2 protein chains.
Amino acid sequence: MNTSVHEPEPSFPSRRGVNKPLPVKNPKSKDRSAERSSKRQDLVRYGTELLTEQGYQATGIDQVLKKVGVPKGSFYHFFKSKDEFGSAVIENYVDFYAKKMDKIFNTPSTEPLQRLKNFVEKAKYDMVRFEFRRGCLIGNMGQELASINDGFRVQLEEVLVSWEIKVTACLQEAIDRLDISGQTDAAALSRFFWIGWEGAILRSKLTKSVQPIDHFADLFFSKVAK
Amino acid sequence: MNTSVHEPEPSFPSRRGVNKPLPVKNPKSKDRSAERSSKRQDLVRYGTELLTEQGYQATGIDQVLKKVGVPKGSFYHFFKSKDEFGSAVIENYVDFYAKKMDKIFNTPSTEPLQRLKNFVEKAKYDMVRFEFRRGCLIGNMGQELASINDGFRVQLEEVLVSWEIKVTACLQEAIDRLDISGQTDAAALSRFFWIGWEGAILRSKLTKSVQPIDHFADLFFSKVAK
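The following paragraphs examine the structure supplied in this document.

1. Details of the overall build of chain A
Then, in step 1: Each helix and strand counted, chain A has 9 helices and 0 strands in total.
Then, in step 2: In sequence order, the secondary structure elements of chain A are arranged as α-α-α-α-α-α-α-α-α.
Then, in step 3: Going through the 226 residues of chain A one by one, you find that 57% of them count as buried.
Then, in step 4: The long-range share in chain A, meaning contacts at least 24 apart out of those at least 6 apart in sequence, stands at 72%.
Then, in step 5: In the form shown here, chain A has an accessible surface area of approximately 10,000 Å², with 52% of it arising from carbon and sulfur atoms.

2. Comments concerning the relation of the copies chain A and chain B
Put simply, the second copy of the chain is the first one after a rotation about an axis and a shift along it.
Then, in step 1: With an axial shift of 0.0 Å and an RMSD of 0.0 Å, the rotation relating chain A to chain B amounts to 180°. In symmetry terms, the pair is related by a two-fold rotation axis.

3. Notes on the interface of chain A and chain B
Then, in step 1: Taken together, the contacts link 46 residues of chain A with 46 residues of chain B.
Then, in step 2: Interface area, chain A with chain B, both sides summed: about 4,100 Å², of which 61% is carbon and sulfur.
Then, in step 3: For chain A, the biggest contributors to the area lost against chain B are Gln143(A), Arg203(A) and Leu206(A); these three give 19% of the whole.
Then, in step 4: Applying the counting rule to chain A against chain B returns 4 salt bridges.
Then, in step 5: Between Glu157(A) and Arg203(B) there is a salt bridge; the shortest N-O distance is 2.9 Å.
Then, in step 6: Linking chain A with chain B are 16 residue pairs in polar contact (both at pLDDT 80 or more).
Then, in step 7: Listing elements by their share of the side of chain A that touches chain B, those giving two or more residues are α1 (32-54), α6 (137-145), α7 (150-176), α8 (186-207) and α9 (211-224) of chain A.

4. Observations regarding the pattern of salt bridges
When the charged atoms of two side chains lie near each other, side chains of opposite charge can form a pair.
Then, in step 1: Taken as a whole, this structure holds 39 salt bridges over all chains when the rule is applied.
Then, in step 2: The partner of Glu164(A) in a salt bridge is Arg191(A), and the shortest N-O contact between them spans 3.0 Å. Pair noted here: Glu164(A) is in helix α7 and Arg191(A) is in helix α8, with a separation of 27 residues, a long-range link.
Then, in step 3: Here the residues in one salt-bridge network are Glu49(B), Glu53(B), Lys67(B), Glu131(B), Arg133(B) and Arg134(B), joined through shared partners.

5. A closer look at the side chain of Arg153(B)
Then, in step 1: With respect to the helices, strands and loops of the structure, Arg153(B) is situated in helix α7 (residues 150-176).
Then, in step 2: Arg153(B) sits in the buried class, given a relative accessible area of 11%.
Then, in step 3: Sequence-distant contacts of Arg153(B), that is, excluding residues within four places in its chain, are made with Lys205(A), Leu206(A), Thr207(A), Lys208(A) and Ala146(B).

6. A short note on the packing of helix α4 (residues 82-105) of chain B against helix α5 (residues 112-129) of chain B
Residues and elements named next belong to chain B.
Then, in step 1: At a minimum axis separation of 9 Å, α4 and α5 run at an interaxial angle of 135°. Between α4 and α5, the crossing angle belongs to the class labelled oblique. You can see that α4 and α5 cross each other, and the crossing is right-handed. On α5, the residues touching Tyr97, Lys100, Met101, Ile104 and Phe105 of α4 are Arg115, Leu116, Asn118, Phe119, Lys122 and Asp126.
Then, in step 2: For the contact of α4 with α5, the residue count by class is 6 nonpolar, 1 polar and 4 charged.

7. What to know about the environment of Glu198(A)
Then, in step 1: Relative to the assigned elements, Glu198(A) resides in helix α8.
Then, in step 2: In this structure Glu198(A) touches Cys136(A), Gly139(A), Leu160(A), Trp163(A) and Leu202(B), once residues within four positions along its chain are discounted.

8. Things to note about unusual backbone geometry
Then, in step 1: Despite not being glycine, Phe132(A) has its phi angle at roughly 60°, a positive value.
Then, in step 2: For Phe132(A), the location among the structural elements is in the loop between α5 (112-129) and α6.
Then, in step 3: For Phe132(A), a relative accessible area of 11% translates into the label buried.
Then, in step 4: A positive phi angle, near 55°, is found at Glu131(B), a position not held by glycine.
Then, in step 5: Looking at the secondary structure, you find Glu131(B) in the loop between α5 and α6 (137-145).
Then, in step 6: Overall, the relative accessible area of 44% leaves Glu131(B) in the partly exposed class.

What counts and what doesn't
Residues numbered from 1 in each chain as written. Chains lettered and ligands numbered in written order. Predicted model: local features only at pLDDT ≥ 70, side-chain atom pairs only at ≥ 80, totals over all residues. Heavy atoms only, no water. Helix = DSSP H or I, 4+ residues; strand = E, 2+ residues; numbered from the N terminus. Buried < 20%, exposed > 50% of the residue type's maximum accessible area, 1.4 Å probe, protein only. Contact = heavy atoms within 4.5 Å. Areas by Shrake-Rupley, 256 points an atom, 1.4 Å probe, with all protein chains shown as cover. Least-squares fit on C-alpha atoms with pLDDT ≥ 70 in both. Buried area = accessible area lost by both parts, 1.4 Å probe. Salt bridge = Lys/Arg side-chain N within 4 Å of Asp/Glu carboxyl O. Polar contact = N/O pair within 3.5 Å; in protein donor to acceptor, adjacent residues only side chain to side chain. Axes fitted to C-alpha atoms, helices over the stretch in contact; angles between N-to-C directions. Parallel < 35°, antiparallel > 145°, perpendicular 65-115°, else oblique. Left-handed = near helix turned anticlockwise from the far one by under 90°. Nonpolar A, V, L, I, M, F, W, Y, C, P; charged D, E, K, R; others polar.

Next up, the structure:
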């Protein structure tokens, strides 16, 4: 696969570990509005990291503020509520993930099923890179919050549907090329992929191994998308 | 399917809702040891309900104690730590779930693939019964705790493997009867089923609908276990 998809993503920083403080920036180098916007982005970025590893309810706002160097009382200058912050974190993750997916799927020179296989490989690479601590923010928050927060429930399902649409387009190309039997519904296959995928990421976290991802992908490609 | 599998389960009480107190029992009716054992069982039982709906970290011990009518200071008479309590909750859920599965799978007069289909129907029934609030305690706790608690991570994966073994036996019977192609590995199919299954339960919670379960099961039976 194209190794360029393995480059570090700037908006979702990597193995720094959740307890190390950010380097202090010089506020004089930016005007006030730019600084505010930058601080907000830092809060969202490190919120993404913390929420993915620790969960939403277990992550205190104070922990995020401390890390970014924002005074305790200033949180509400940036967000109306913790829920608004959580929503911004989801949006940030979705932007980051859309870029990641586009980099893999918007590659006409690669055969469509190979693109989906490259997506699987990239996910395995990231699981190992983050030592199986993170998995998928959407799956994590979905499992934690679907029952207790209807706003998040709807937002998270919409994200998964948007990912289904990207994979549907890829699978439709494979069907059009007859790489998959023509009697197959690309949207149905994509939905099946995404339903199972979040389960595979969960099992990968539980086993600290990519084996469940490989197992799911192997049978998906040999039995379902064929 | 056999409607008897739809009976309420005594060890995992139902739609009471997590905030309603238990009826007070008369302590004089039991000796001290029996009462202690009964209180412990109540703590575990209602812990199961609360942890499944709210998650582990968000559930305070105080909330469980209050519900069961145990004084705040008495928790450590029953459990050494919250983690030991969490472990006992998992064990209780596993016992309850093993009985539920055995009731469905230990039915020689039902064709093996139909047994697995009955399992799917029972899960759908329960998702609706609990208004999509609960899902699977093991999937919920796995998603929440795999990254941050190694003891739970190992215990939860063991549970899923034990469920895989039950479904493997069922699928092996289907293979032996040639209901599934003889060149299929029952253990591999069962693992695929369980990997995807936890994803289907998550999506069912997110959509408040059984559609993702049906979607996963339909393609599993038509494309994978065939």
